[in-house]
Amino acid sequence: EAAVTQSPRSKVAVTGGKVTLSCHQTNNHDYMYWYRQDTGHGLRLIHYSYVADSTEKGDIPDGYKASRPSQENFSLILELASLSQTAVYFCASRDSSAETLYFGSGTRLTVL
Amino acid sequence: QQKVQQSPESLTVSEGAMASLNCTFSDRSSDNFRWYRQHSGKGLEVLVSIFSDGEKEEGSFTAHLNRASLHVFLHIREPQPSDSALYLCAVGEITGNTGKLIFGLGTTLQVQP
């Protein structure tokens, strides 16, 4: 089964600070995704990537950047963290020939 | 954009009784649907994927898709207390091969011993 590892597991950040969330997958999948989960909104797609050194905007990209320096690694960057970005963030990966996304365990981000 | 809604919001069943969860979507041209489970504080675990009308069984989980009525159901046979979790319905994006999923808000299932 696909292995997707996220770090850190949880983080507390201050408003206006920079936050980087990391994701690493070991199954040679082409696609990687960042979703956020909020009460009342469910999971929403922030950014995704289908190849190294390229990222695409999802449904709610504002306030977030993404970086895919290699096939295995995909980062989500909050340059100026805001209170509204408090959420649980999930990374996922998928092979281009398959339909199923495999998710990591999530990063709980609290912005104070 | 595709809209996905789930009902009920929460469901309590006794151990061993069938649990049925409902998911409705807005665009019947979608062709891939899946159910995920999320235990409290954990990641998402895929339970069953279905791509055509009818039923698909994976262990104690059965998905039933009826695109004409815009419904996909999840039936859990003989649920155990360990099946208590948030159940999420996800519908794949219609165009392209992005793999993007649109999620419902979920149904919280509580299985009582």
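Quantities reported herein were computed from a predicted structural model and do not represent experimental measurements.

Procedures and definitions
- Each chain has its residues counted from 1, following the order in which its sequence is written.
- The lettering of chains begins at A and the numbering of ligands begins at 1, in the order of writing.
- Selection of residues for local features in this predicted model requires a pLDDT of at least 70, selection of side-chain atom pairs for listing and counting requires 80 or more, and totals for whole chains, interfaces and linings are taken over all residues.
- Side-chain metrics in this entry use all non-hydrogen atoms of the structure; hydrogen atoms and water are not considered.
- Runs of H or I in DSSP of at least four residues are treated as helices and runs of E of at least two as strands, each being numbered from the N terminus.
- In protein, a polar contact requires one atom able to donate a hydrogen and another able to accept it; more generally it is a pair of N or O atoms within 3.5 Å, and residues adjacent in sequence count only if both atoms are side-chain atoms.
- We define a nonpolar core as any set of buried Ala, Val, Leu, Ile, Met, Phe, Trp, Tyr and Cys residues linked to one another through side-chain atoms lying within 4.5 Å.
- Throughout, exposure labels follow a simple rule: accessible area from a 1.4 Å probe, protein chains only, divided by the maximum for the residue type, with under 20% read as buried, over 50% as exposed, and the rest as partly exposed.
- Any two of the Phe, Tyr and Trp rings considered here, Trp counted by its six-membered ring, make a pair once their centres fall within 6.5 Å; the pair's planes then place it as stacked at under 30 degrees, edge-to-face at over 60, or tilted in between.
- Comment: the charge-over-ring label is applied if NZ (Lys) or CZ (Arg) is within 6 Å of the ring centre and within 35 degrees of the ring normal.

**Some thoughts on the side chain of His29 of chain A**
Here's step 1: Relative to the helices and strands, His29 of chain A is located in the loop between β3 (19-25) and β4 (31-38).
Here's step 2: Among the polar contacts listed, one links the side chain of His29 of chain A to the side chain of Ser93 of chain A, at a separation of 2.8 Å.

**Some thoughts on the nonpolar core**
Here's step 1: Within the largest apolar cluster, 25 residues are counted, with the highest numbers of intra-cluster contacts made by Trp35, Val72, Leu74, Ile76 and Tyr87 of chain B.
Here's step 2: Every element with two or more residues in this core is listed here: β3 (19-25), β4 (33-38), β5 (45-50), β7 (61-66), β8 (71-76), β9 (85-92) and β11 (107-112) of chain B.
Here's step 3: Val4, Trp34, Ala66 and Leu109 of chain A belong to the second-largest nonpolar core, a separate cluster that totals 19 residues.

**Notes on the packing of aromatic side chains**
Here's step 1: Tallied over the entire structure, the rule returns 13 aromatic pairs over all chains.
Here's step 2: Both rings, one in Phe103 of chain A and one in Phe103 of chain B, keep their centres 6.1 Å apart while their planes meet at 80°; by these two values the pair is edge-to-face. Of this pair, Phe103 of chain A sits in strand β10 (residues 102-103) while Phe103 of chain B sits in strand β10 (residues 101-103), which puts the two residues in different chains. As far as the burial class goes, Phe103 of chain A and Phe103 of chain B line up, both buried.
Here's step 3: One aromatic cluster is present, built from ring pairs that chain together Tyr31, Tyr33, Tyr35, Tyr48, Tyr50, Phe90 and Phe103 of chain A together with Tyr36 and Phe103 of chain B.
Here's step 4: Positioned over the ring face of Tyr31 of chain A is Arg94 of chain A, at 4.2 Å from the centre of the ring.

These values are about where atoms sit, not about what they do.
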